[in-house]
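Read off the chains here:
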Amino acid sequence: MSATTEQPRRRSRLYRREHLVAASFIALPLIGFLAFAIGPFLYSIYASFTNWNMLTAPTWIGLANYVRAFSDPYFIQSLGNTFFYMIGIPIGLVVSLALALAMNRRMPGRAFFRSIYYVPVVSSLAAVSILWQWAYNGDFGLVNQVLALVGIDGPNWLADKATVKPALIIMAVWKGLGYSMLLYLAALQSVPRSLYEAAELDGASSFRRFFHITLPMVQPVTFFLVVTSIIAGSQIFTEINIMTPTGGPEFSSASIVWYIWRQAFSSLSMGYASAMAVLLGVLVFLITAFQFWINARNSHDGVE
Amino acid sequence: MMGSISRRTLLAGTGIAAMATGLAACGADGTNNGNSGESSGSSTTGGGGAGVELTYMFRGGEDERKAYDQAIAAFEEQTGAKVKVIVTDADQYRTKLQAAITGGQVPDVFYLEQGSVMAFAKTGVVKDITGDIEAAGLDVSKVWKYGVDSYRFDGTRVGQGAIYGLPKDVGPFSFGYNKTMFEELGIPLPDKDKPYTWAEFRDVAKQLTSPEDERWGTGLNVAWNLQAWVWSNGGDWADEERRTVTIDTPEFAEALQDFADIQIIDGSTPSIEQAQTMDTYQRWMRGQIGFFPVGPWDVSTYQGLDFEWDLIPYPVGKTGETATWLGSLGISVSNSTEHAELATQLAMYLSADEECQRSLYQAGIQIPNLVDMAKGEYLEAEGAPANKEEFIQIAEDYGRALPAAATWTPEWYDDFWVGIQPVLDGEVTAADYVAQLQPQMQAKLDAANMDAGI
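Just so it is clear, the model here is predicted, and its values are computed rather than measured.

(A) Structural view of the interface of chain A and chain B. In this assembly, 20 residues from chain A lie in contact with 23 residues from chain B. For the side of chain A that touches chain B, a count of residues per class yields 9 nonpolar, 8 polar and 3 charged.

Now the structure itself:
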């Protein structure tokens, strides 16, 4: 009733045009997202219930791919390897925070060091992987040459199942250091100085100032880094594929995305690959949700 | 030109409307370039492919591109068609091709890996070009039999039946030795016609080895060299029909153990882990390794080495027959192409054009596909290896396809290598390894055969 009595205010032409322009701006990325992310995402869910070799039409096989995943030792192992690589995340956080603290001081050459640590971040991952592959060469590699200087006979990093994962972790930490450092640096610079001054007046040691002011103040950045690193880490692929193209000795370096890719493109099992990708997606979603839950609970406690 | 395929025979009888003008253009080959290309495309004097654009997708290095550019230019000149070339990295080729197939954008002509023949032929991605080849008057017997047979499929087995591709190359994986090292140590040179027995080989390898002098008998990557041991001992990964995994036979286990013992017992190789890395390759190039595999694609690099080397047959197991594998890559035509005849013609050019083949072998990356050229000018050509004959014998006589070349997917075969390291390290015996692995590989081979519907 009110709809008939209350004439909607006539929008001006300018107003409508602006809306149209705005909508078209939004439409571009939205269409891109729908076409290139949501579309394939939905299709892969469908594909995960099919037997599909990508050459002929998929045939529906229900849950068979999921059953297969749970009895496939390579799936379990590559998933395990992938989570093993995540040991690098806390290491990377600690090192990058330490670096950020160092870079936050006034010292000569600060800008130079900040840039140097950022170089790996902007370098191509493929190129960096090839360089590290050489560096890890058992005989002529830079890593073992350096170790030899201090009298250590280094292993053949990428060919030994005991060292291949640590080798890849070291490289991943090195590669990601600059990015986390930069974020921490920004966070450190926005910590109010007054907090430190007050703590100093109260006689707090530098140790206590770090743990009770700095660390809590950069906590949002830590949270952001942990969440994004886990999501990115679960998709580790390029360096694995370049540095250990057969999945490493006894499958010890194969990551889950690498195995998915192999199943899809080498073993003509796109359906099975899709099922594993869906499982990975669910797992990452659950972990992320859990992190947000923990985070929300912790910050709530902090306020109280 | 005699005895091999000239451009004229390639074109003759293709049944295309402008065959006569095609031959006319052929007569003008190289003398009147201004008459061909785009201008001829619009005129009535153009070849049968005027106005047509074909896509050709492949992977390869600089030398291959150069050789194919020549062949493609000649093809374009003859037919008036245009060829759009898509080159990818070796790593990305398979993924890109698969994406193109799924997206319904299959290139007209493209590389086909041996291991994909069954899958691609059975699902109708690649075209049966048997008829086109006959119509074009190409005598396939001029190309290595193995090369053509690799792309035959009869509905259940690869290696027989209709032709689904022509070889881009055949790749004999031969065995080499560092001649200079032998001479310096005063060790009698190996005989190129009489292979070592395993015992002799291990003995010589031990004599060559002296770690203090950075010198080792050999250093063989298991994934590419074990075949020679296993086959020569009468074993194989699977039966002829590719139904039963046969790694758990005594011959197989014996071969694997002997291979491992070169390292474990004799210590004739640099170190335990290095079998899986490129290290021995670098050592070979530095002249520190006595025996090392050599493929035709290595020749251009190895010609620059500062020691003399040559080819010999692989050492022999109890059959007394030397063995090794012979790879190949194919050139196929899409089943969905709108220009099947032209596309087949292009494939034939790339596979069997004389000029193209000459430039490829001269670049030191492959042996010629044309049997007569290989046995003629290639054998007489200057440059290492002196015993080029070994490559020819492998291609013609004793080379075999890798086990997964004729199955639906390579997954069953790949599994063999995943856990091989403990055997090479001496932690697990070969017999235990193959016995424990057989059921797992059998299950995967069964699954592959089931997926293939054979």
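(B) Looking closely at unusual backbone geometry. Residue and element names in this part refer to chain B. Ala-384 connects to Pro-385 through a cis peptide bond whose omega is -5°. Among the secondary structure elements, Pro-385 is positioned in the loop between helix 17 (371–380) and helix 18 (389–398). Positive phi outside glycine occurs at Glu-214, with the angle close to 55°. Position of Glu-214 relative to the elements: it lies in the loop between helix 10 (198–208) and strand 8 (216–218).

(C) How the structure looks around the packing of helix 4 (residues 62–79) of chain B against helix 15 (residues 340–352) of chain B. All names here are of chain B. Two numbers describe how helix 4 lies on helix 15: the axes approach to 9 Å, and their chain directions differ by 140°. One finds that helix 4 runs oblique with respect to helix 15. Here the hand of the crossing between helix 4 and helix 15 comes out right-handed. Contact residues: helix 4 offers Tyr-68, Ala-71, Ala-74, Phe-75 and Thr-79, while helix 15 offers Leu-342, Gln-345, Leu-346, Tyr-349 and Leu-350. Per-class residue counts for the contact of helix 4 with helix 15 are 8 nonpolar, 2 polar and no charged.

(D) Quick look at the domain arrangement of chain B. All names here are of chain B. Here the domain parsing of chain B yields domain 1 (7–171 + 327–380) and domain 2 (174–326 + 405–452). Tallying the contact residues gives 18 residues for domain 1 and 14 residues for domain 2. When residues of the side of domain 1 that touches domain 2 are traced back to their parent elements, those giving at least two are helix 6 (117–122), strand 6 (166–172) and strand 11 (324–333). The biggest single contributor to the side of domain 1 that touches domain 2 is helix 6, with 3 residues.

(E) Expanded view of the UniProt feature "domain: ABC transmembrane type-1" (unreviewed entry) in chain A. Taken from the UniProt record, the annotation "domain: ABC transmembrane type-1" (unreviewed entry) applies to residues 78–291 of chain A. Structurally, residues 78–291 of chain A comprises 73% helix and 0% strand, and the distance from its first C-alpha atom to its last is 23 Å.

(F) Broad picture of the sheet that holds strand 7 (residues 174–178) of chain B. Residues and elements named next belong to chain B. Taken in spatial order, the 4 strands line up as 8-9-7-10 in an open sheet, and their pairing is mixed. Edge positions in the sheet fall to strand 8 and strand 10 (309–312), since each has one partner strand and no second. Sheet twist, expressed as the average angle between the axes of neighbouring strands with direction ignored, equals 30°. Bridge count between strand 7 and strand 9 (residues 289–294): 4 bridges; the pairing is antiparallel. Residue Tyr-177 lies in a different strand from strand 9, and its bridge partner there is Phe-291.

(G) Spotlight on helix 5 (residues 88–103) of chain A. All names here are of chain A. For helix 5, built from 16 residues, the straight-helix expectation of 22 Å at 1.5 Å per residue is met to within 8% by its first-to-last C-alpha distance of 22 Å. Every buried residue of helix 5 is listed here: Gly-88, Ile-89, Gly-92, Leu-93, Ser-96, Leu-97, Leu-99 and Ala-100. Along the long axis of helix 5, the arc covered by the buried residues comes to 165°, so they all point the same way. Residues Pro-90, Val-94 and Ala-98 are exposed on helix 5 and point more than 90 degrees away from its buried face. For helix 5, the elements touching its buried residues are helix 4 (73–85), helix 6 (110–122), helix 9 (164–189) and helix 12 (219–233).

(H) Fine view of the environment of Trp-52 of chain A. All names here are of chain A. Inspection of the secondary structure puts Trp-52 in the loop between strand 1 (50–51) and strand 2 (59–60). Using a count of 25 C-beta atoms within 10 Å as the deciding quantity, one classes Trp-52 as buried. With 221 residues separating them in the primary sequence, Trp-52 and Ala-273 have C-alpha atoms 9.5 Å apart. When near neighbours in sequence (up to four residues on either side) are disregarded, Trp-52 contacts Ala-47, Pro-58, Met-270 and Gly-271.

(I) Quick look at the UniProt feature "transmembrane region" (unreviewed entry) in chain A. Residue and element names in this part refer to chain A. Feature annotation in UniProt assigns "transmembrane region" (unreviewed entry) to the following positions: residues 20–46, 83–103, 115–135, 167–188, 209–236 and 273–294. Secondary structure within residues 115–135 divides into 90% helix and 0% strand; the distance between the first and last C-alpha atoms comes to 22 Å. Split by type, residues 273–294 is 100% helix and 0% strand. Its first and last C-alpha atoms lie 32 Å apart.

(J) Representation of the packing of helix 6 of chain A against helix 9 of chain A. Residues and elements named next belong to chain A. One can describe the packing of helix 6 onto helix 9 by two numbers: an axis separation of 7 Å at closest approach and a directional angle of 120°. Between helix 6 and helix 9, the angle falls in the class oblique. The two elements helix 6 and helix 9 meet at a crossing, and its hand is left-handed. Residues Tyr-117, Tyr-118, Pro-120 and Val-121 of helix 6 touch helix 9, and the partners they reach there are Trp-174, Lys-175, Leu-177, Gly-178, Tyr-179, Met-181 and Leu-182. Looking at the contact of helix 6 with helix 9 residue by residue, the class counts come to 9 nonpolar, 1 polar and 1 charged.

(K) Structural detail: the nonpolar core. Counting 168 residues, the largest nonpolar core has Tyr-184 of chain A together with Ala-71, Val-109, Val-117, Leu-256, Leu-346 and Ala-347 of chain B as its most contacted members. At 12 residues, the largest contribution of residues to this core is made by helix 9 of chain A. Apart from the residues within four sequence positions on either side, Leu-346 of chain B is in contact with Leu-54, Tyr-56, Phe-75, Val-83 and Val-109 of chain B.

(L) Main features of the pairing of strand 7 of chain B. Residue and element names in this part refer to chain B. Of all 5 residues making up strand 7, 5 are buried, and the element is well covered by its neighbours. Side chains Ser-174, Gly-176 and Asn-178 project from strand 7 onto one buried face, and the interleaved Phe-175 and Tyr-177 project onto a second face that is buried too. Pairing of strand 7 with strand 10 involves 4 bridges; the strand directions are antiparallel. Looking across to strand 10, one finds that Phe-175 is bridged to Ile-312.

(M) Structural view of the domain arrangement of chain A. All names here are of chain A. Segmenting chain A into domains produces domain 1 (14–67) and domain 2 (71–303). With centres defined by C-alpha atoms, the gap from domain 1 to domain 2 works out at 30 Å. On the side of domain 2, 9 residues touch domain 1, which itself brings 13 residues to the contact. Elements with a contribution of two residues or more to the side of domain 1 that touches domain 2: helix 2 (13–47), strand 1 and helix 3 (64–70). Of the residues assigned to the side of domain 1 that touches domain 2, the class counts are 7 nonpolar, 6 polar and no charged.

The rules behind each value
Residues numbered from 1 in each chain as written. Chains lettered and ligands numbered in written order. Predicted model: local features only at pLDDT ≥ 70, side-chain atom pairs only at ≥ 80, totals over all residues. Contact = placed C-beta atoms within 7 Å. Nonpolar A, V, L, I, M, F, W, Y, C, P; charged D, E, K, R; others polar. Helix = DSSP H or I, 4+ residues; strand = E, 2+ residues; numbered from the N terminus. Axes fitted to C-alpha atoms, helices over the stretch in contact; angles between N-to-C directions. Parallel < 35°, antiparallel > 145°, perpendicular 65-115°, else oblique. Left-handed = near helix turned anticlockwise from the far one by under 90°. Domains from an automatic or database assignment. UniProt positions renumbered as here; feature names shortened; annotations may be inferred. Pairing = 2+ DSSP bridges. Expected span 1.5 Å × (residues − 1). Buried ≥ 20, exposed ≤ 12 C-beta atoms within 10 Å, placed from the backbone. Arc of directions from axis to C-beta. Core = buried A, V, L, I, M, F, W, Y, C linked by C-beta atoms within 7 Å.

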